[in-house]
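Coordinate analysis (summary)
Each chain, written out:
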Amino acid sequence: MRIDILTILPYLIESSLNHSIIKRARQKEIVSIYVHDIRDYAQNKQKQVDDYPFGGGAGMVMCIEPIDLLISKLKKERKYDEVIYLTPDGKKFTQRTANYLATKENIILLCGHYKGVDQRIRDNLVTRELSIGDFVLSGGELAAAVVTDCLVRIVPGAISDETSALTDSFQDNLLAPPTYTRPAVYKGWKVPEILLSGNQQWIDEWRHSKSVERTRLLRPDLLKDDTEQE
Ligand code: ADE
């Protein structure tokens, strides 16, 4: 899988995607992540990539030209499955969306800033708009890092224990069960006996029932919501 991230703050993205699972997946060439500076495609001396909004009002708007030039250049080099714009008014990003997008070959993530991008970019170049939550960040970079991290860890081969990503919270609309490690007793606080029993079937059943219990208690909405599309 290849992910191209378009931003005016490339260093912010790079530093967040060079650790742990993501770093290893990049080294193993399971995924390639390219970060592009939109400013490099500005056609003026000042390298300005934003301008005042037509009709007046507060804030600046990211200009169409540098973003179009960059996307057009990338599209000439390969075919992209999706051009995704990160924005607080996009569709909510979920594990289901991640599972779907992780099957794609090439995607572009476009990070907005200021008052967002010129609407014509959204109308003509973007195929999907995603929000990582009902709050406003100062730019799309952290959202793009969240989406990238989430996709990369489920691409086959990124995690050495293949089953591990499948038992994450949300993978089957259930929260993950509690986990424990040594020591079995600490300050008198004990690990549930069943996990030490050695009987894998009992352990699996216990974990499933704990997942259901936790989900009912903390996120009952997940048990109802099975109609959501990617
Ligand atoms: N850009 C600013 N806020 C955002 C959010 N909540 N999700 C995605 N992109 C954003």
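Conventions adopted
- Residues numbered from 1 in each chain as written.
- Predicted model: local features only at pLDDT ≥ 70, side-chain atom pairs only at ≥ 80, totals over all residues.
- Heavy atoms only, no water.
- Salt bridge = Lys/Arg side-chain N within 4 Å of Asp/Glu carboxyl O.
- Helix = DSSP H or I, 4+ residues; strand = E, 2+ residues; numbered from the N terminus.
- Buried < 20%, exposed > 50% of the residue type's maximum accessible area, 1.4 Å probe, protein only.
- Near = heavy atom within 4 Å.
- Polar contact = N/O pair within 3.5 Å; in protein donor to acceptor, adjacent residues only side chain to side chain.
- Areas by Shrake-Rupley, 256 points an atom, 1.4 Å probe, with all protein chains shown as cover.
- Pairing = 2+ DSSP bridges.
- Axes fitted to C-alpha atoms, helices over the stretch in contact; angles between N-to-C directions.
- Contact = heavy atoms within 4.5 Å.
- Domains from an automatic or database assignment.
- Arc of directions from axis to C-beta.

Thoughts on the pattern of salt bridges
Counted under the stated rule, the structure contains eleven salt bridges. For arginine 26, the salt bridge goes to glutamate 14, with nearest N and O atoms at 3.5 Å. Here glutamate 14 lies in helix α1 (residues 10-16) and arginine 26 lies in helix α2 (residues 20-27), a separation of twelve residues in the sequence. According to the relative accessible area criterion, arginine 26 is buried, its value standing at 19%. A salt bridge links glutamate 77 to arginine 78; its shortest N-O distance comes to 3.5 Å. Glutamate 77 sits in the partly exposed class, given a relative accessible area of 43%. Connected through salt bridges with shared partners, the residues Lys73, Glu77 and Arg78 form a single ionic network.

So, the site of the ligand
Taken together, the neighbourhood of the ligand is formed by 13 residues, with Thr87, Ile132, Gly133, Phe135 and Leu137 sitting nearest. Within the backbone of phenylalanine 135, one N or O atom sits 2.8 Å away from a nitrogen atom of the ligand. Leucine 137 is positioned with one of its backbone polar atoms (N or O) 3.0 Å from a nitrogen atom of the ligand. A total of 270 Å² of accessible area belongs to the ligand in isolation, and the protein chains cover 96% of it. Put simply, the parts of the chain that give the shell around the ligand at least two residues each are β5 (82-92) and β7 (128-131).

Observations concerning the sheet that holds β7
Within a beta sheet, neighbouring strands are joined by backbone hydrogen bonds and run either parallel or antiparallel to one another. If you trace the five strands from one edge of the open sheet to the other, you get β2-β1-β6-β5-β7, paired in parallel fashion. Here the strands that pair on one side only, and so sit at the sheet edges, are β2 (32-37) and β7. Taking each pair of neighbouring strands and ignoring which way they run, the sheet shows an average axis angle of 30°. Helix-sheet contacts for helix α3 (residues 64-77) involve β1 (2-7), β2, β5 and β6 (106-111), and the interaxial angle to β1 is about 165°.

Looking at the domain arrangement of the chain
Interfaces are frequently sized by the accessible area removed from exposure as the parts join. For the chain, the domain assignment lists domain 1 (2-152) and domain 2 (169-223). Taken over C-alpha atoms, the centre of domain 1 sits 37 Å from the centre of domain 2.

Overview of α2
Among the residues making up α2, those that are buried are Ile22, Ala25 and Arg26. Projection of α2 onto a plane perpendicular to its axis shows the buried side chains occupying an angular sector of 100°, all on one side. Turning to α2, the residues buried within the fold contact α1, β2 and α6 (141-152).

Structural notes on unusual backbone geometry
The omega angle of the peptide bond from arginine 182 to proline 183 is 5°, so this bond is cis rather than trans. Of note, proline 183 is situated in the loop between α6 and β8 (185-186). A positive phi angle is found at asparagine 173, which is not glycine, with a value near 65°. Phi at lysine 187 is positive, roughly 50°, even though this residue is not glycine. Within the secondary structure, lysine 187 sits in the loop between β8 and β9 (189-190).

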